[in-house]
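Tertiary structure, described
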Amino acid sequence: MERFTENVITIIKEIPRGKVMSYGQIARSAGNPRSARQVVRILHSMSRKYNLPWHRVVNVKGEIPMEDEEFFISQKSLLEQEGIQFKGKNKINMEFYRYQPIEE
């Protein structure tokens, strides 16, 4: 497994309940700031295998990027169960709910 992929998996696993990170933020923290789409791919292909809290990853605007209504409802429900409140149908206050991992 590539180092970047390992870093992404570790970072996603560390996002605490009630907090979120954006794809780009994860890519930066994992060492490759221009790889947000790689984070999407990793999340999609490895969430089950590594039991990743996929629902805690949103886009940079604080929105659930799911186009599939079923996944949207599932992600929103999981986030609300963790205490995250939405503004309108789909917007999270990133200033309040963003997780900032400690950089080494």
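Remember, it's a predicted structure, so these values are computed and weren't measured experimentally. (Residues numbered from 1 in each chain as written. Predicted model: local features only at pLDDT ≥ 70, side-chain atom pairs only at ≥ 80, totals over all residues. Heavy atoms only, no water.)

With respect to the nonpolar core
Nonpolar side chains in soluble globular proteins generally cluster together in the buried interior. Just so we agree on the cut-off: What we call a nonpolar core is a set of buried Ala, Val, Leu, Ile, Met, Phe, Trp, Tyr and Cys residues that are connected through their side-chain atoms within 4.5 Å. Relative accessibility decides the category of a residue: with a 1.4 Å probe and only protein chains considered, values under 20% of the type maximum give buried, values over 50% give exposed, and everything between is partly exposed. Numbering of helices and strands runs from the N terminus; a helix is a DSSP stretch of H or I covering at least four residues, while a strand is a stretch of E covering at least two. Contact definition: two residues touch when any of their heavy atoms are within 4.5 Å.
Core analysis: the largest hydrophobic core is formed by 18 residues, its most contacted members being Phe 4, Val 8, Ile 12, Ile 26, Val 39 and Val 57. Residue assignment for this core shows that the elements contributing at least two residues are α1 (3-14), α2 (23-29) and α3 (36-46). Here the element with the most residues in this core is α1; it accounts for 5 residues. Each residue touching Val 57, except ones within four places of it in the same chain, is listed here: Ile 12, Ile 15, Met 21, Ser 22, Tyr 23, Ile 26, Leu 43 and Gln 75.

Concerning α1
For clarity, the threshold we go by: Multiplying 1.5 Å by the residue count of a helix minus one yields the expected span of that helix.
Relative to the 16 Å expected for 12 residues at 1.5 Å per residue, α1 spans 17 Å between its end C-alpha atoms, a close match to the ideal helical length. Among the residues making up α1, those that are buried are Phe 4, Thr 5, Asn 7, Val 8, Ile 9, Ile 11 and Ile 12. Those residues of α1 hidden inside the fold are in contact with β1 (21-22), α2, α3 and β2 (57-58).

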